[in-house]
There are 2 protein chains.
Amino acid sequence: GAGADNDLYINQAIVFIEDAIQYRSINHRVDSKSLWLYRWYYSRTCQWILSLTITVILALAFVEEPSSLTITSDVRYRLPAWNPPCGLMESVELLCFLVFVVDVSVKSYLIGWKEFWKNKWLMAYILTLIVSLADWIVSLSFFCKESVRIRRILRPFFLLQNSSMMKKTLKSINSTLPEMASVLLLLAVHLSLFTMFAMLLFARTKDNQQDKEWVVYFRNLPDSLTSLLVLLTTANNPDVMIPAYSKNRAYSIFFILFTVLGNLFLMNLLTAIIYNQFRGYLLKSVQSSLFRRRLGIRAAFEVLSSLKETPASAQQSFVSVGALLQVLQKAEMDSRCKQAIMRSLKMCSCDQLSAAQFQKLFEELDKDAIKQHPSSPEYQSHFMQKVQFAFGHPYFGYLGNVVALANIISICVVLVIDADKQPSERDDFFLGAINCFFILYYLLEMLLKILAMGLKRYLSYPSNRFDGLLTVILLILEIATFAVYGFPHPGWRPEFMGLLSLWDMVRLVNMLIVFRFLRIIPNMKFMALVVTTLLDLVKNLRAFAGILAVVFYAFAITGIMLFKGAVVPLGNTRKKNVILWCSAQVELIYCFLFVLSVHLICRWAKIYFVAWWLISSVIWVNLFVALLLENFIHKWDRRCQRESLSDIEYQRTVELMFRDVLEEPTEEELMEKLHQHPHLHLCR
Amino acid sequence: GAGADNDLYINQAIVFIEDAIQYRSINHRVDSKSLWLYRWYYSRTCQWILSLTITVILALAFVEEPSSLTITSDVRYRLPAWNPPCGLMESVELLCFLVFVVDVSVKSYLIGWKEFWKNKWLMAYILTLIVSLADWIVSLSFFCKESVRIRRILRPFFLLQNSSMMKKTLKSINSTLPEMASVLLLLAVHLSLFTMFAMLLFARTKDNQQDKEWVVYFRNLPDSLTSLLVLLTTANNPDVMIPAYSKNRAYSIFFILFTVLGNLFLMNLLTAIIYNQFRGYLLKSVQSSLFRRRLGIRAAFEVLSSLKETPASAQQSFVSVGALLQVLQKAEMDSRCKQAIMRSLKMCSCDQLSAAQFQKLFEELDKDAIKQHPSSPEYQSHFMQKVQFAFGHPYFGYLGNVVALANIISICVVLVIDADKQPSERDDFFLGAINCFFILYYLLEMLLKILAMGLKRYLSYPSNRFDGLLTVILLILEIATFAVYGFPHPGWRPEFMGLLSLWDMVRLVNMLIVFRFLRIIPNMKFMALVVTTLLDLVKNLRAFAGILAVVFYAFAITGIMLFKGAVVPLGNTRKKNVILWCSAQVELIYCFLFVLSVHLICRWAKIYFVAWWLISSVIWVNLFVALLLENFIHKWDRRCQRESLSDIEYQRTVELMFRDVLEEPTEEELMEKLHQHPHLHLCR
């Protein structure tokens, strides 16, 4: 019936608008049941359960058998890690797999069969699940005693497929690969030519005294290759050339040439290539998000305009305000935006909305929340007004900064004075006294500011929240210290009174004061620019960090599987350190240089670490530099346009940063895309 | 008289056109005598003498007293350096100073008094000369026994002031300094906060077993600062955190946070800032060169148009072709350009030239020499034509590359096989035989190519010249080897037959073959792009390299003066190496990390090396990266525009690279500039 049809249209419009808000694609099924399933799938609870499942399955590695997550990393001291019984971890894993099976089924159903066959990510998802389940069955049938577990290496895939940003970034990285491969090839040619050259140059001679260079670094092909590869990372920089250099200064030409060509030219060329490829990356991604938003809103308009209650017009389609209000009430969106749109609707005072008017209403979504700080309290008394003026003035804030600086300097002085004293000689009276004084000042400052600004206004500034929180923590720690050790007096030495953990807390107080000093940053123009760039960067880097985490996880699991037996305490300190080092799951990156220079592990390990170095250090760092350049240069250009940096708010979004260069999609593009929708069949 | 006037005008026009060709400023005196002096000063002989003088005065450091320029850098083995008698070096120095005095007088006279007072470089030049001469007198009056010689540190200034490119670059760097200083300040804040934090975190405890971290790296404030500064250079990367890490894994968070913030963010921010500042640098510099050229030509037109023989026209000024021909004949310029301009003049077949026509004639100067390769010889015999076709075909070149690759691989195989053998066990027959075979092939290839292409055409390709030269050298070395050792036979071991230097030559043959392999580069598209970018970069980097050399020289002289007594052979190997290292004048940069980590030299030396690290490693490397990005991205964009990379000629100039984005100066700009000329007074 018409009523059922109308309900369907309203529901479709609600979902399309929610898609627009979340920048989601609108290419999903649009019948009533599917819409209900779709809203359920994208509900907060469901998405939260999915994220939790991914976290759990990734976290399993920390408690599973070859893990080494203990407080100390020293194999001599550390306690044996907890070993869960067979079946416990496996049941948790099975639960996770079941959630993923539901996830992939719902996703596949919602996009429809036709689309499913085009979607490689979904197919890979299903394949991964099948392999993982098969491996899980094998695992159980061996009573968890099998040595290789493929499903562990596949785990990060679940993280990858769940984030559209990461998939997009991966696509971008993928398109840079051919050029990166060229430079890497060039690097390989460079390396191998110089290796041959080195082997010819530092050949074994009759005079054994003379060929120190040969014995240590260029004994055979793998050794030479390794020496020069490590030289490329500058880790063995002067060492490798010293024997040759002390024989004849001219040998240094070889090493300088190698370093300049390899490190200065080729490595930076990689940066240039990646930067060149990613120059437009952010803009393009923001542009496509904008397109999705406009498309969602347009789709909502189209379905609403085909509602039966609307009088059909020959030229233009219209949407009734009533239908829109109905949709708005049911759609999930930011309450501020909803209210703003409602307000505009009332102000407009018309019954029908054209496509342009409809689109314009929803531009509220693109706007940033302009933060209104609550107003200060209005005092009646003349004295209170003066107090309010004095302590609400920016100069009072500057005074606080000066005091924080003085605090830092005094801690520094105490540290320098106490540096070489034995703990028994040390007198902590001075440090205790200044801590006490400064914490009292901070407390007073906080109270006066709250008095002048009112609690609500005070808390609305992030810098104040940061300050206040630290002050309260400092106060609690200080009171706890006094309660245990009494007030500071000459010869005060809290650490000799038994409770070491509280003495640690006094040190902690001072560390927190170091942090408190950071509040001066927003007061300095350039620093503020740098900090906001960095914060923006962190936002934009999430996808890259995610991909790095995925690679990292896969590498760590592979590493654990490969070098399981290698973690044995040895006598030699240097080697021991290396092993300690490698046993940590997280610090693989630091491990690499060590391993290569000490020649500890077999050839396969070398290849493993070179691959890790290339991916983490070379490629990822260059990606990072490229993004930083992109962000910073854009910011810088903008700063030159608008000189007022005083009102920096930290909630700028990437979309806002690019607003002035974004292109609005045209009506034709939107309609063409709508007509290509696999499930929605527009009447016209 | 009119004739004298006309001569003056002609001479002015000649000088202006020469200025235009050399991109020189035209703001100099223009009377007859000054013009003669000006042409004399900028004649090749004079400029050559000036360059020679600068080279000599800079090279003096290598033979003067505290120099250590010997073959070996090992203080135990090296012979005492030659010690010139007092007065010899000083006389050479005085000669140089006299040349500089003449130089500065001529320069000052030519630009005129009014301009002289505005020119800070000239004033600094005079000041430097006065100080140097005073120091020279002091030196002589002490019979060269005085310890401090200020004039040595001032020497690189003479190099700096002689190059307009370097002065321009220095100005650019100067304008970036405020922003660089901000980042360096941020870096300093970062470093000091983390130092305090580290000192609080790794404080001395009662348990001596536990505070390894404290003892080694954070004993007092200077030690902590040094540890973290070295961590910023990643030189002591895992070492510094291992004691703390093996105590508690959580300590690694401190180090990771420090490295990520300092190394990844702040250091790369420096790159971003410098890149941002230098983005338009190349374009701006090329644009100003273009303006100088157009201005010189316009000035020549204006003076020629005021010749008496030209009929005065009310609206437009004209130049007679005869006068221009007279100027062209006397002006010093590239003969190809001169001929091209003459040819155009004849083709035009008009008597009078307007300003636009005049300007257009000289556009020939901007054009690149289109290299015409001489044609191949035309053979009569049918057989010879077939031979010519076969060996002139590109496939024959590819075959040569394949053979070169085979040669490289065979050398590689021999090296791997012989790697661990004692020299007495080694059999050089195989290596000798393949050398013989491949060199014969190369010789044959060269001869066949010359036969097919003709000698002239063969030599017109740089790659052929490179090939041919190497082949001839290889042949000579091979013949010399055979003459001494006889032909290779099993058990052939040239090194045991007395003449070690010739055996070295056989190794040299193989090294040269490695180089020969480089000829494949132009055959690979991407490699060709990279290589041309690098070659361009080298051209553009000359000014930067000059400035680096100047800074380097000043640092090296300061270092020699500061650490004169420190170069003493010690027992400890590691320390000895450091000292060896530091005694070298050239490798200061490698020295730094060592010195800091070994805590060898006093505090002042530390500051000296930190300054050196900042300037050479941080700032200069970033400048380099910025220029590389600029060059590469421009090249890359161009490559996308025109896909044909096949006809790459290596003599592209920077001007050509930017031709499509350069703006031609307007007539008004040129005329305004001309009317501001301090010495030339145009009639109208």
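- If you check an unreviewed UniProt entry, chain A appears there as Two pore channel protein 2 from Loxia curvirostra.

### Description of the overall build of chain A
Then step 1. Helices and strands together make up the secondary structure of chain A, namely 29 helices and 2 strands.
Then step 2. Burial status across chain A gives 50% buried among its 684 residues.
Then step 3. Nonlocal contacts in chain A, meaning residues at least 24 apart in sequence, comprise 74% of its contacts between residues at least 6 apart.
Then step 4. Carbon and sulfur atoms make up 65% of the accessible area of chain A, which totals about 33300 Å².

### Looking at the domain arrangement of chain A
Residues and elements named next belong to chain A.
Then step 1. Under the domain assignment, chain A is made up of domain 1 (1-166), domain 2 (172-285), domain 3 (303-372), domain 4 (382-523) and domain 5 (533-654).
Then step 2. Each side of the interface is counted separately: domain 1 has 13 residues, and domain 3 has 15 residues.
Then step 3. Carbon and sulfur atoms make up 72% of the area that domain 1 and domain 3 hide from each other, which totals about 1300 Å².
Then step 4. The largest contributions to the domain 1 side of the interface with domain 3 come from Tyr9, Ile10 and Ile17, which together make up 39% of the buried area.
Then step 5. Viewed at the interface, domain 3 and domain 1 are joined by 0 salt bridges.
Then step 6. Scanning the region where domain 1 abuts domain 3 turns up 2 residue pairs in polar contact (both at pLDDT 80 or more).
Then step 7. In terms of residues, the side of domain 1 that touches domain 3 owes the most to one element, helix H1 (residues 2-21), which gives 12 residues.
Then step 8. Residue classes in the side of domain 1 that touches domain 3 are distributed as 8 nonpolar, 2 polar and 3 charged.

### Considering unusual backbone geometry
A negative phi holds for most residues other than glycine; trans holds for most peptide bonds.
All names here are of chain A.
Then step 1. Within the chain, Tyr23 stands out as a residue other than glycine whose phi angle is a positive 55 degrees.
Then step 2. Tracing the backbone through its elements, the reader meets Tyr23 in the loop between H1 and helix H2 (32-41).
Then step 3. A residue is classified by how much of its surface remains accessible, and Tyr23, at 24% relative accessible area, is partly exposed.

### Some points on the packing of aromatic side chains
Residues and elements named next belong to chain A.
Then step 1. Considering all chains together, one arrives at 45 aromatic pairs over all chains under this definition.
Then step 2. Here Trp121 and Phe157 contribute two aromatic rings whose centre-to-centre distance is 5.9 Å and whose plane-to-plane angle is 25 degrees, an arrangement assigned as stacked. Taken together, the positions of Trp121 in helix H6 (residues 120-141) and Phe157 in helix H8 (residues 156-161) put the pair 36 residues apart, joining distant regions of the chain.
Then step 3. Members of the aromatic cluster, joined through ring pairs, are Phe97, Phe100, Trp121, Tyr125, Phe157 and Phe158.
Then step 4. Looking at Arg29, its charged tip hangs above the ring of Tyr109, at a distance of 4.4 Å from the centre.

### Points about the pattern of salt bridges
Opposite charge on two side chains lets them pair, provided their charged atoms get close.
Residues and elements named next belong to chain B.
Then step 1. One pass over the full model with this rule turns up 20 salt bridges over all chains.
Then step 2. A salt bridge links Arg24 to Asp19; the shortest N-O distance between them is 3.1 Å.
Then step 3. Classification of Asp19 as buried rests on a relative accessible area of 0%.
Then step 4. For Asp334, the salt bridge is made with Arg336, and the minimal N-O distance between the two is 3.7 Å.
Then step 5. What makes Asp334 partly exposed here is its relative accessible area of 43%.
Then step 6. Here Arg336 falls in the partly exposed class, since its relative accessible area comes to 30%.

### Examining a nonpolar patch on the surface
Then step 1. On the surface, a nonpolar cluster with roughly 380 Å² of combined accessible area is contributed by Trp48(A), Ile49(A), Leu52(A) and Val56(A).
Then step 2. Residue classification places Ile49(A) among the partly exposed positions, given a relative accessible area of 39%.

### Considering the confidence of the model for chain A
Residue and element names in this part refer to chain A.
Then step 1. Looking at chain A, pLDDT values average 77 and 77% of them are 70 or higher.
Then step 2. Across residues 566-601, where pLDDT falls below 50, the model places 85 contacts with residues more than four positions away in sequence or in other chains.
Then step 3. A low-confidence stretch, residues 642-652 stays under pLDDT 50, and its non-local contacts, those more than four residues away or across chains, total 19 contacts.
Then step 4. The ipTM assigned to the predicted complex is 0.74, against a pTM of 0.74.

### Re helix H29 (residues 667-675) of chain B
All names here are of chain B.
Then step 1. Regarding H29, the residues found buried are Leu670, Met671 and Leu674. Along the axis of H29, the buried positions cluster into a sector of 95 degrees, meaning they face one direction only. Turned more than 90 degrees off the buried face of H29, the exposed positions are Glu668 and Glu672.
Then step 2. Among the structural elements, helix H14 (281-305) and helix H17 (355-361) are those in contact with the buried residues of H29.

### Structural notes on the side chain of Arg151(A)
Residue and element names in this part refer to chain A.
Then step 1. The topology assignment puts Arg151 in helix H7 (residues 150-154).
Then step 2. Of the polar contacts made by the side chain of Arg151, one reaches the side chain of Glu93; its length is 2.6 Å.
Then step 3. With sequence-adjacent residues up to four places away left out, Arg151 is seen in contact with Glu90, Glu93, Phe97, Ser132, Asp135, Trp136 and Ser139.

About the criteria used
- Along each chain, the written sequence defines residue order, and numbers are assigned to residues from 1.
- Lettering for chains starts from A, numbering for ligands starts from 1, and both go in the order in which the items are written.
- In keeping with the model being predicted, local features are shown solely for residues with a pLDDT of at least 70 and side-chain atom pairs are shown and tallied solely at 80 or more, while totals for entire chains, interfaces and linings include all residues.
- Each side-chain value is derived from all of the structure's non-hydrogen atoms; neither hydrogens nor water enter the calculation.
- Counting from the N terminus, the helices are the DSSP runs of H or I reaching at least four residues and the strands are the DSSP runs of E reaching at least two.
- The cut-offs for exposure are 20% and 50% of the maximum accessible area for each residue type, with area from a 1.4 Å probe on protein chains only; residues under the lower value are buried, those over the upper are exposed, and the others partly exposed.
- Here, two residues are considered to be in contact whenever any of their heavy atoms come within 4.5 Å of each other.
- In these tables, accessible area is a Shrake-Rupley quantity obtained with a 1.4 Å probe, and a residue counts as shielded only by the protein chains included in the view.
- Note: domain ranges come from an automatic or database domain assignment.
- By buried area we mean the combined loss of accessible area, with a 1.4 Å probe, across both parts when two parts are placed together.
- For salt bridges, the criterion is a side-chain nitrogen of Lys or Arg within 4 Å of an Asp or Glu carboxyl oxygen.
- Identification of polar contacts relies on pairs of N or O atoms within 3.5 Å, with a donor-acceptor requirement for protein atoms, meaning one able to donate a hydrogen and the other able to accept it, and with residues adjacent in sequence counted only if both atoms are side-chain atoms.
- Gly counts as polar in this scheme, as do all residues outside two lists: the nonpolar Ala, Val, Leu, Ile, Met, Phe, Trp, Tyr, Cys and Pro, and the charged Asp, Glu, Lys and Arg.
- Aromatic contacts are taken between Phe, Tyr and Trp rings whose centres are within 6.5 Å, Trp giving its six-membered ring; a plane angle under 30 degrees counts as stacked, one over 60 as edge-to-face, and the others as tilted.
- The rule is short: NZ of Lys or CZ of Arg within 6 Å of the ring centre and within 35 degrees of the ring normal puts a charge over the ring.
- Each patch is built from residues lacking any salt bridge and having more than 30% relative accessible area; the joining distance is 9 Å for like charges and 5 Å for nonpolar side chains (Val, Leu, Ile, Met, Phe, Trp, Tyr).
- The predictor rates its confidence in each residue with pLDDT, a number between 0 and 100.
- The arc refers to the directions leading from the helix axis to the C-beta atoms.

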